[in-house]
Amino acid sequence: MKKLQKADYIKMYSFMLKIRRFEERAAQLYGMGKIGGFCHLYIGQEAVVVGILMTIDKNDSVVTTYRDHGHMIARGLDPKRIMAELTGREDGYSAGKGGSMHMFSKENNFYGGHGIVGAQVPIGTGIAFTHKYNGEKNICRTYIGDGAMNNGQVFEAFNLAALWKLPVLYIIENNKYGMGTSVDRAAAGLDLYKRGEAFGIPGEKVDGMNVFSVIEAADKAGKYVREGNGPYIIEVQTYRYRGHSMSDPAKYRTKEELDNYKQTDPIEIVKAEILKKKIATNDEIEKINKDTLEEIKNAAEFATNSPFPKDSELYTDVYL
Amino acid sequence: MSTEILMPALSPTMTEGNLSKWLIKKGDTVKAGDLIAEIETDKATMEVEAVDEGVVLDLLFKEGEANIPVNKAIAIIGDPNEKVEVKKESPIEKVIEEKKIEKNIETKVENKKADIIDTPSPKIEEDRNLSSEEITMRQALRDTMAEEMRKDNKVFILGEEVAEYQGAYKVTQGLLQEFGKERVLDTPISEHGFTGLAVGAAFKGLRPILEFMTFNFSMQAIDQIINSAAKTLYMSGGQINCPIVFRGPNGAAAQVAAQHSQDFSSWYSQVPGLKVIAPSTPYNAKGLLRSAISDPNPVIFLENEILYGLKGLVNNDINFSIPIGKANIEKEGNDLTIVTYSIMLQKSKEAALRLKEEYNLDAEIIDLQTLRPLDTETILNSVKKTNRLITVEESWPFGSVGSEIANIVQRDAFDYLDSPVIKVNSADVPMPYALSLEKLYLPQVDDIINAAKKVSYIK
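What you see is a predicted model; the values in this text were computed from it and never measured. (Residues numbered from 1 in each chain as written. Chains lettered and ligands numbered in written order. Predicted model: local features only at pLDDT ≥ 70, side-chain atom pairs only at ≥ 80, totals over all residues.)

### Some words on the overall build of chain A
- Across its full length, chain A holds 11 helices and 8 strands.
- Over its C-alpha trace chain A gives a radius of gyration of 19 Å, about what one expects of a compact globule, namely 20 Å for 320 residues.
- The principal-axis extent of the C-alpha atoms belonging to chain A is close to 55 × 50 × 40 Å.
- Looking at chain A residue by residue over its 320 residues, the buried ones come to 53%. (Helix = DSSP H or I, 4+ residues; strand = E, 2+ residues; numbered from the N terminus. Rg over C-alpha atoms; globule rule 2.2 N^0.38 Å. Buried ≥ 20, exposed ≤ 12 C-beta atoms within 10 Å, placed from the backbone.)

See below:
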């Protein structure tokens with residue numbers, strides 16, 4: 001694995017912070033009625049997508065679930081346009097027609113944002129199929145929530161990916177709850193990473209609160225997949241601080257459990273590492289904090305001032 | 001006593017077979033279970049076993065003879081010391097006649113044949129590039145896929161048994177040999193998974209043709225078809241289109257009962273983002289499939305198993321296409337309009353012949369060809385001329401394509417109607433297995449005639 005450079009640490013910290021601040025602002029806008037419908041926040045899980053990001057090639061493809069805001073930010077997409085999609089405005093990535101759960105950026109190889117649990121798994125497998133069909137060296141990273149790991153089509157996709165040796169990296173984001181049902185109440189057998197074993201797909205479990213562990217696993221798995229060995233599964237153990245969606249008070253878990261995880265906050269871990277390694281000073285970190293807050297504030301302002309889609313847009317984009 | 005060996009029905013839709021090879025010769029002793037012949041059916045070449053025992057007294061067909069009807073005697077076995085009295089006293093043909101009456105098996109075969117009357121429509125006759133020979137619907141579909149695969153290597157086909165097996169209904173015959181296993185892919189029986197995979201491949205720029213062995217199995221995958229394929233262009237603000245063709249047989253075959261006989265035309269036609277096509281002849285199958293494969297949107301292409309063997313002339317130009325969204329006036333007429341599609345076109349044509357003969361009614365027949373987008377203009381213009389409308393389709397009656405047409409016509413041509421619109425559909429029950437009930441379930445020529453009489457106020 002390539003040694004992390006000073007700039008990499010700063011990049012990780014900045015991205016994770018940007019996701020956190022973005023989600024907090026989204027929660028605020030939701031509370032103000034500026035964002036409607038469903039809104040699933042990524043707070044607590046930042047190390048997962050940012051860790052993967054550190055090993056990604058820009059021509060690799062990504063597909064994920066409805067908890068996708070953080071994924072888009074990590075893909076380098078503009079927070080202004082992400083937030084504008086959340087507010088349902090014409091500058092949003094889906095021109096206001098997709099909303100929080102259905103965002104895409106084809107030019108950045110970001111294929112959604114899928115609202116149906118498990119549906120993105122065969123789709124990501126098909127995107128990987130295309131990379132192979134076209135003779136490209138790229139891979140498709142397909143994110144799966146723990147809830148989807150009990151969904152039949154996921155196993156159909158695993159079978160096909162292994163059968164046809166497709167370049168797909170499956171990343172299970174195990175945040176312990178599928179909506180309000182804890183993994184142990186939904187899954188018989190808690191080692192989700194082993195669920196590819198019957199198909200011959202290697203898997204491993206990783207601490208998802210620690211970005212460095214994620215990078216190490218993602219690097220190894222990414223190489224395996226890119227070298228044409230077929231799919232690989234990483235199960236990332238993570239935790240969402242907020243409820244399933246904005247309307248979920250998360251009564252199904254204890255405050256102690258949440259506090260415990262906050263002790264290992266993924267952003268604090270990176271920050272401590274930066275200070276320990278003297279990569280940046282406290283003042284420099286403060287500046288990143290301020291700039292990030294400012295950037296997200298601007299994104300919120302942009303998203304609430306962008307016009308609603310024109311009425312005529314109702315009938316466009318049904319057919320090409 | 002001698003026994004006849006009859007041409008067996010080796011598939012639900014087989015009406016005749018070809019005698020590829022004899023595995024026995026005159027004078028051989030045959031035991032039950034011995035292989036006696038290789039028979040080529042509409043789907044495959046299969047070996048046939050003897051069920052009776054004796055010495056082969058006669059082989060009634062030569063190797064290579066084709067189109068031998070099901071239940072026709074192909075060989076006689078028996079005791080060589082006994083005179084073959086059957087032949088003398090009761091000619092084979094007569095025995096078959098008796099069998100027909102006894103067992104009523106032939107009715108099924110005859111009905112199927114009667115379903116398919118194919119007189120080319122005026123437009124086909126005008127086509128200057130018409131082929132000199134008739135080909136089957138199956139071959140028309142196959143040829144079109146092959147032509148498009150030659151043009152664009154982003155086009156590939158996947159589905160159950162499409163490659164090694166050469167297609168469950170032989171529609172993909174020879175494609176594996178020509179295009180290789182990278183472009184002709186056998187899938188596991190895993191509709192939800194491989195449909196999602198194909199949709200992902202289409203998002204990423206390939207042009208999959210996905211064969212459902214039958215559309216009944218598309219229900220396993222319907223979430224990917226509707227929530228992913230049909231909606232993503234809209235949800236992505238126009239960024240991600242899905243150029244895919246979902247094709248395969250739809251509706252009833254022959255006695256395959258409730259779970260294998262459903263017509264999905266109105267289900268898929270309800271969904272914005274999908275286009276839905278239902279060809280009725282080799283000619284329009286070719287033109288429409290080409291349009292479907294070239295279309296940048298997801299297309300549901302509803303074939304019909306019974307029509308696979310239908311022969312007709314086609315346009316052999318490799319760029320010939322029929323636009324999606326355009327109905328064909330199959331037959332012009334002034335007294336009433338029959339709007340139909342897929343296999344019911346054949347029954348409607350037969351009904352029209354009888355309506356003219358028996359009631360002097362001159363029916364105009366519109367073959368929709370595309371169900372979504374619907375060619376409302378052609379329907380309305382016809383109704384404005386004839387003032388009477390019946391719709392004929394195989395699907396269940398509730399919320400069928402005919403229901404929508406009835407709605408459109410009462411809304412946009414109310415003043416032109418001289419009688420209420422009548423829909424002819426299948427019965428509002430699951431498809432039964434029994435031959436007699438199956439016939440009752442499906443719209444028959446008499447049902448169409450009765451509806452036509454009703455809108456014409458003929459008792």
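### Regarding the overall build of chain B
- When helices and strands are counted, chain B shows 16 helices and 22 strands.
- On C-alpha atoms alone, chain B measures out to a radius of gyration of 24 Å, which is about the 23 Å that the 2.2 N^0.38 rule sets for 459 residues.
- For chain B, the C-alpha atoms occupy an extent of roughly 80 × 60 × 45 Å along the three principal directions.
- For chain B, the residues scored as buried account for 49% of the 459 residues in total.
- In chain B, the share of contacts with a sequence separation of at least 24, taken over all contacts with a separation of at least 6, comes to 75%. (Contact = placed C-beta atoms within 7 Å.)

### Re the interface of chain A and chain B
- On the chain B side, the residues contacting the 32 residues of chain A number 33 residues.
- The element best represented in the side of chain A that touches chain B is helix α5 (residues 120–133) of chain A, accounting for 9 residues.
- Across the side of chain A that touches chain B, the residue classes tally to 16 nonpolar, 12 polar and 4 charged. (Nonpolar A, V, L, I, M, F, W, Y, C, P; charged D, E, K, R; others polar.)

### Quick word on the pairing of strand β3 (residues 140–145) of chain A
Residue and element names in this part refer to chain A.
- Here β3 lies mainly inside the structure; 6 of its 6 residues are buried.
- In β3, alternate side chains face the same way, and those of C140, T142 and I144 on one face and R141, Y143 and G145 on the other are all buried.
- Note that strand β1 (residues 61–64) and β3 share 3 bridges and pair parallel. Considered in β3, the bridge of S61 is made with C140.
- Note: β3 against strand β4 (residues 168–174), 6 bridges, orientation parallel. If you follow Y143 over to β4, its bridge partner there is I171. (Pairing = 2+ DSSP bridges.)

### Some details on the domain arrangement of chain B
- Each domain of chain B was delimited in the assignment, giving domain 1 (3–115), domain 2 (122–312) and domain 3 (328–455).
- Listed by partner, the interface residues are 7 residues for domain 1 of chain B and 10 residues for domain 2 of chain B. (Domains from an automatic or database assignment.)

### Remarks on helix α14 (residues 401–412) of chain B
All names here are of chain B.
- Taking 1.5 Å per residue as the helical rise, α14 with its 12 residues ought to reach 16 Å, and the 17 Å between its terminal C-alpha atoms agrees with that figure.
- Three or more residues of α14 are buried, namely V401, G402, I405 and V409. Buried residues of α14, seen end-on, are gathered within an arc of 90° and therefore sit on one face of the element. Exposed residues pointing more than 90 degrees away from the buried face of α14 are listed as N407 and R411.
- Packed against the buried residues of α14 are α10 (265–269), β18 (336–340), β20 (370–372), α13 (376–386), β21 (389–392) and β22 (422–424). (Expected span 1.5 Å × (residues − 1). Arc of directions from axis to C-beta.)

### Side note on the sheet that holds strand β2 (residues 16–22) of chain B
Residues and elements named next belong to chain B.
- Spatially, the 4 strands line up as an open sheet ordered β5-β4-β2-β7, and their pairing is antiparallel. In this open sheet, the two strands that pair with only one neighbour each are β5 (45–49) and β7 (68–69).
- Note: strand β4 (residues 35–40) against β5, 5 bridges, orientation antiparallel. Bridge pairing in β5 places L35 opposite E49.

### Here's the deal with the nonpolar core
- The biggest cluster of nonpolar side chains holds 191 residues, and the ones touching the most others in it are M16(A), I172(A), V214(A), I234(A), I390(B) and A452(B).
- Take this core: its biggest share by element is 9 residues, from helix α1 (residues 6–31) of chain A.
- Both domains that meet at this core, namely domain 2 (122–312) and domain 3 (328–455) of chain B, each give it at least three residues.
- Among the nonpolar cores identified, the runner-up in size contains 15 residues, and I5(B), V30(B), V56(B) and A73(B) belong to it. (Core = buried A, V, L, I, M, F, W, Y, C linked by C-beta atoms within 7 Å.)

### What about the sheet that holds strand β3 (residues 29–30) of chain B?
Residues and elements named next belong to chain B.
- Spatially, 4 strands are ordered β1-β8-β6-β3 in an open sheet, and the strand pairing comes out antiparallel. Strand pairing shows two members of the sheet lacking a second neighbour, β1 (3–6) and β3, which therefore form its edges.
- Sheet analysis places β3 next to strand β6 (residues 54–59), joined by 2 bridges and oriented antiparallel. Looking at β6, one finds that V30 is bridged to G54.

### Thoughts on the packing of α5(A) against helix α6 (residues 152–163) of chain A
Residues and elements named next belong to chain A.
- Across the interface, α5 lies against α6 with an axial gap of 8 Å and an inter-helix angle of 20°. Between α5 and α6, the angle falls in the class roughly parallel. Considering only the axes of α5 and α6, their crossing is left-handed. Counting all contacts with α5, which are made through V121, P122, T125 and A128, the residues of α6 involved are Q153, V154, E156, A157, L160 and A161.
- Within the contact of α5 with α6, the residues separate by chemical class into 7 nonpolar, 2 polar and 1 charged. (Axes fitted to C-alpha atoms, helices over the stretch in contact; angles between N-to-C directions. Parallel < 35°, antiparallel > 145°, perpendicular 65-115°, else oblique. Left-handed = near helix turned anticlockwise from the far one by under 90°.)

### Observations concerning the packing of α13(B) against α14(B)
Residues and elements named next belong to chain B.
- Taken N-terminus to C-terminus, the directions of α13 and α14 make an angle of 60°; their axes are 10 Å apart at the nearest point. When the axis of α13 is compared with that of α14, the two are oblique. Crossing angle aside, the handedness with which α13 passes α14 is right-handed. Of the residues in α14, those in contact with T376, I379, L380 and V383 of α13 are I405, I408, V409 and D412.
- Classifying every residue of the contact of α13 with α14 gives 6 nonpolar, 1 polar and 1 charged.

### Observations regarding unusual backbone geometry
- A cis amide bond, omega 0°, links R372(B) with the succeeding residue P373(B).
- The residue P373(B) is located in the loop between β20 and α13 in this model.
- Its identity is not glycine, yet K165(A) carries a phi of approximately 50°, on the positive side.
- Counting through the fold element by element, K165(A) comes out in the loop between α6 and β4.
- Judged by the 14 C-beta atoms lying within 10 Å of it, K165(A) falls in the partly exposed class.

### Describing the environment of G251(B)
Residue and element names in this part refer to chain B.
- Within the secondary structure layout, G251 lies in the loop between β13 (245–249) and α10.
- Note on G251: 28 C-beta atoms within 10 Å, which makes it buried.
- The spacing of G251 and V48 is 203 residues in sequence and 29 Å in space, taken between C-alpha atoms.
- Once residues within four sequence positions are removed from consideration, G251 is found in contact with S261, D263, N304, S342, I343 and E394.

### Describing helix α7 (residues 191–203) of chain B
- Taking 1.5 Å of rise per residue, 13 residues should cover 18 Å, and α7(B) covers 18 Å from first to last C-alpha, within 8% of that figure.
- With its phi angle positive at about 115°, G205(B) sits one or two positions after the end of α7(B).

### A look at the pairing of β6(B)
- Both β6(B) and strand β8 (residues 73–78) of chain B contribute to a ladder of 4 bridges, which runs antiparallel. Looking across to β8(B), one finds that L59(B) is bridged to A75(B).

### Considerations on the environment of Q346(B)
- Along the chain, the position of Q346(B) falls in helix α12 (residues 344–359).
- Spatially, the C-alpha atoms of Q346(B) and N450(B) are 17 Å apart, while their sequence positions differ by 104 residues.

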